[in-house]
Amino acid sequence: MRVVVLTGAGISAESGVATFRDSDGLWEGHDVEDVATPEGFARDPELVHRFYDARRRGLALVEPNPAHQALAALEDALGEDLLVVTQNVDDLHERAGSHRVVHMHGELRRARCEVCGARPVWDADLLDAPPCPACGRATLRPDVVWFGEVPYELGLIDRAVTGCALFVAVGTSGAVYPAAGYVALAASSGARTLELNLGPSAVSRYFDEVRTGPAAQLVPQWVAELVG
Ligand code: BV8
């Protein structure tokens, strides 16, 4: 059975990674417009680099939680019949052992050259304008999809969502498109839909079934049911 799991910040919350909207609208003390838009980056690149450099460094301080581990175990069982589409830019799915992961909003551990388009794996800071490994220019930005920018792999994701038998959303508020539209696309393509979330989301009404609780409990339970 083909399964697509869409994850959001809530799956990493129990690993200690701040979610996007649970912190009363300010994201680690910053306004979205200032740190997650191309306009904000053009206005104050230093602020944006400091924001992402701190989050990139923060990855070393957190670990995958049982929800990430359960999805990695599910991939062991389902192989190519499972695809994880994540809105998260952390590397916790990969560190838990998942390989079939699509980061539609990019990754903290990659940079992107604004001139040559290279997307090197990147673990250092970007504040001090290091040279692009491919073209040598000091034009690297975080390889993260900001508001107003087109997410990655939309064609691949659309095909996976329209072709799956089961669509599961974990830890996402359903506030950001096109990700929030995938449950409706899955349902219209005949898939069964399940939401695992701490509280109601903006799209809970589109799901056949909604289970409320922390991901570190709900995801292992659901995976155990699925793989029996
Ligand atoms: C695009 C990367 C064009 C940065 C992010 C008006 C109406 C509709 C749409 C729009 C509009 N105006 C503009 C738009 C489009 C816009 C959008 O949707 N805006 C919204 C805010 C209205 N979207 C875009 O701009 C996108 N691009 O549309 O391009 C296009 C599209 C298609 C084809 C051609 C052209 C680009 C959006 C990407 C923005 N970048 N992240 C970074 O991470 O630094 S998005 C940002 O929000 C987050 O990073 C995250 O990825 C995303 C969604 O947040 P969630 O993951 O859901 O997290 P959140 O905090 O919101 O919720 C956490 C949830 O977890 C909660 O429900 C909570 O209850 C739950 N939870 C908490 N703890 C737990 C838990 N659940 C379980 N267990 C727990 N322990």
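Quick summary incoming for the structure in this document. Nothing here was measured: the structure is a model prediction, and the numbers come from that model.

Considerations on the site of the ligand
Logical step 1: Around the ligand, the surrounding shell holds 36 residues, and the nearest of these are Arg 21, Arg 55, Gly 148, Ser 173 and Tyr 177.
Logical step 2: In this structure, Gly 148 approaches the ligand through a main-chain N or O atom, which is 2.7 Å from an oxygen atom.
Logical step 3: Interatomic distance of 3.2 Å between a backbone N/O atom of Gly 171 and an oxygen atom of the ligand.
Logical step 4: Among the elements of the structure, helix H1 (10-13) and helix H4 (45-58) are those that each provide at least two residues to the shell around the ligand.
Logical step 5: Along the lines of polarity and charge, the residues of the shell around the ligand split into 19 nonpolar, 12 polar and 5 charged.

Considering helix H9 (residues 215-227)
Logical step 1: An ideal rise of 1.5 Å per residue puts 18 Å on 13 residues; H9 measures up with 18 Å between its terminal C-alpha atoms.
Logical step 2: Three or more residues of H9 are buried, namely Ala 215, Ala 216, Leu 218, Val 219, Trp 222 and Val 223.
Logical step 3: Here the buried face of H9 lies against strand S1 (3-7), H1, helix H5 (66-78), strand S6 (166-170), strand S7 (192-197) and strand S8 (209-212).
Logical step 4: One or two positions beyond H9, positive phi appears at Gly 228, with a value near 60 degrees.

A short note on the packing of aromatic side chains
For any pair of aromatic rings, the description rests on two quantities: the centre-to-centre distance and the angle between the ring planes.
Logical step 1: With the rule as written, the count across this model stands at 4 aromatic pairs.
Logical step 2: Arranged with centres 6.1 Å apart and planes meeting at 45 degrees, the rings of Tyr 52 and Trp 146 form a pair that is tilted. Here Tyr 52, found in helix H4, pairs with Trp 146, found in the loop between strand S5 (140-144) and helix H7 (154-162); they are 94 residues apart in sequence, far enough to count as distant.
Logical step 3: Since its relative accessible area comes to 2%, Trp 146 is described here as buried.
Logical step 4: Through a chain of ring-to-ring contacts, three or more aromatic side chains come together here, namely Phe 41, Phe 51, Tyr 52 and Trp 146.
Logical step 5: In this structure, Arg 119 is placed above the aromatic ring of Tyr 152, and the distance from its NZ or CZ to the ring centre is 3.8 Å.

Rules behind the numbers
- Residues numbered from 1 in each chain as written.
- Predicted model: local features only at pLDDT ≥ 70, side-chain atom pairs only at ≥ 80, totals over all residues.
- Heavy atoms only, no water.
- Near = heavy atom within 4 Å.
- Polar contact = N/O pair within 3.5 Å; in protein donor to acceptor, adjacent residues only side chain to side chain.
- Helix = DSSP H or I, 4+ residues; strand = E, 2+ residues; numbered from the N terminus.
- Nonpolar A, V, L, I, M, F, W, Y, C, P; charged D, E, K, R; others polar.
- Expected span 1.5 Å × (residues − 1).
- Buried < 20%, exposed > 50% of the residue type's maximum accessible area, 1.4 Å probe, protein only.
- Contact = heavy atoms within 4.5 Å.
- Phe/Tyr/Trp six-rings, centres within 6.5 Å; stacked < 30°, edge-to-face > 60°.
- Lys NZ or Arg CZ within 6 Å of the ring centre and 35° of its normal.

Geometric descriptors of this kind do not, in isolation, establish any biological role.
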